[in-house]
Amino acid sequence: DGSHPEVGNMVDEFNVVLGKDFGPMGLRFRAGAKPEVEAIKDEVRGFWERRQGLELGDRLLRVNGRVVAGRPAQEVLQELARRPVLLTFQSRAAAAAGGRGGGSGEGG
């Protein structure tokens, strides 16, 4: 009991909550239907990479549970500026594999 195959896809996604005291995100996204992380500012690199496991190329899927794809960029940016905010990302490896499978690579 308790084994649900459909839950496996959720491993490809991860959530990050930025609390009310968190300043600017420090992320730059590549514009497009599926915004990917294009750059991480040095001052927040430790938070995003080491603590959250974020990598360049990871996709932002949802902001506060709302799908990003197809929404006006300005609307998404306004939501990203609010705190607290819940961000849902898809790992680059999962995106490359079509959204399935793929373990997390611990490179160094």
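This write-up is about the structure you can find in this document. What you see is a predicted model; the values in this text were computed from it and never measured.

Comments concerning the nonpolar core
Consideration 1: Leu27, Trp48, Leu87 and Phe89 are the most contacted members of the largest nonpolar core, which has 20 residues in total.
Consideration 2: For this core, the secondary structure elements donating two or more residues are strand E1 (13-18), strand E2 (27-30), strand E3 (36-40), helix H1 (42-51), strand E4 (59-63), helix H2 (73-81) and strand E6 (85-90).
Consideration 3: Residues contacting Trp48, with those up to four places away along its chain left out, are Val16, Leu18, Phe22, Met25, Leu27, Ile40, Gly53, Leu54, Leu87 and Phe89.

Here's the deal with the side chain of Glu79
Consideration 1: Within the secondary structure, Glu79 is located in helix H2.
Consideration 2: Take Glu79: its relative accessible area is 5%, and that puts it in the buried class.
Consideration 3: At 3.4 Å, the side chain of Glu79 and the side chain of Arg66 are in polar contact.
Consideration 4: Setting aside residues no more than four positions away along its own chain, Glu79 makes contact with Val63, Asn64, Arg66, Arg71 and Val85.

A short note on the environment of Leu54
Consideration 1: As for its position among the elements, Leu54 is in the loop between H1 and E4.
Consideration 2: On a C-alpha basis, the gap between Leu54 and Gln90 in space is 9.2 Å, while along the polypeptide they are 36 residues apart.
Consideration 3: When sequence neighbours within four positions are dropped, the list of residues in contact with Leu54 reads Phe14, Leu27, Val37, Ile40, Trp48, Glu49 and Phe89.

Here we look at the pairing of E6
A regular strand places its side chains so that they alternate between the two faces of the sheet.
Consideration 1: Counting buried positions along E6 gives 5 out of 6 residues, so the element sits mostly inside the fold.
Consideration 2: Pairing between E1 and E6: 6 bridges, direction antiparallel. By the bridge assignment for E6, Leu18 is matched with Val85.
Consideration 3: Looking at chain direction, E4 and E6 are connected through 4 bridges and run antiparallel. Bridged to Arg62 within E6 is Thr88.

Considering the side chain of Arg59
Consideration 1: With respect to the element layout, Arg59 can be found in strand E4.
Consideration 2: Not counting residues up to four positions away in its chain, the partners in contact with Arg59 are Lys34, Pro35, Glu36, Thr88, Phe89, Gln90 and Ala95.

Points about the layout of surface pockets
Remark: the empty space left among the atoms is shown by a probe the size of a water molecule rolled over them.
Consideration 1: Of the volumes computed, that of the second largest pocket is approximately 270 Å³.
Consideration 2: Put simply, the parts of the chain that give the lining of the second largest pocket at least two residues each are E2 and H2.
Consideration 3: Partitioning the lining of the second largest pocket into residue classes produces 12 nonpolar, 2 polar and 3 charged.

Quick notes on the rules
Residues numbered from 1 in each chain as written. Predicted model: local features only at pLDDT ≥ 70, side-chain atom pairs only at ≥ 80, totals over all residues. Heavy atoms only, no water. Core = buried A, V, L, I, M, F, W, Y, C linked by side-chain atoms within 4.5 Å. Buried < 20%, exposed > 50% of the residue type's maximum accessible area, 1.4 Å probe, protein only. Helix = DSSP H or I, 4+ residues; strand = E, 2+ residues; numbered from the N terminus. Contact = heavy atoms within 4.5 Å. Polar contact = N/O pair within 3.5 Å; in protein donor to acceptor, adjacent residues only side chain to side chain. Pairing = 2+ DSSP bridges. 1 Å grid on protein atoms, 1.4 Å probe; cavity = no way out; pocket = protein on both sides within 12 Å on 5 of 7 lines; lining within 4 Å. Points joined across faces, edges and corners; volume = space filled by probe spheres on them. Nonpolar A, V, L, I, M, F, W, Y, C, P; charged D, E, K, R; others polar.

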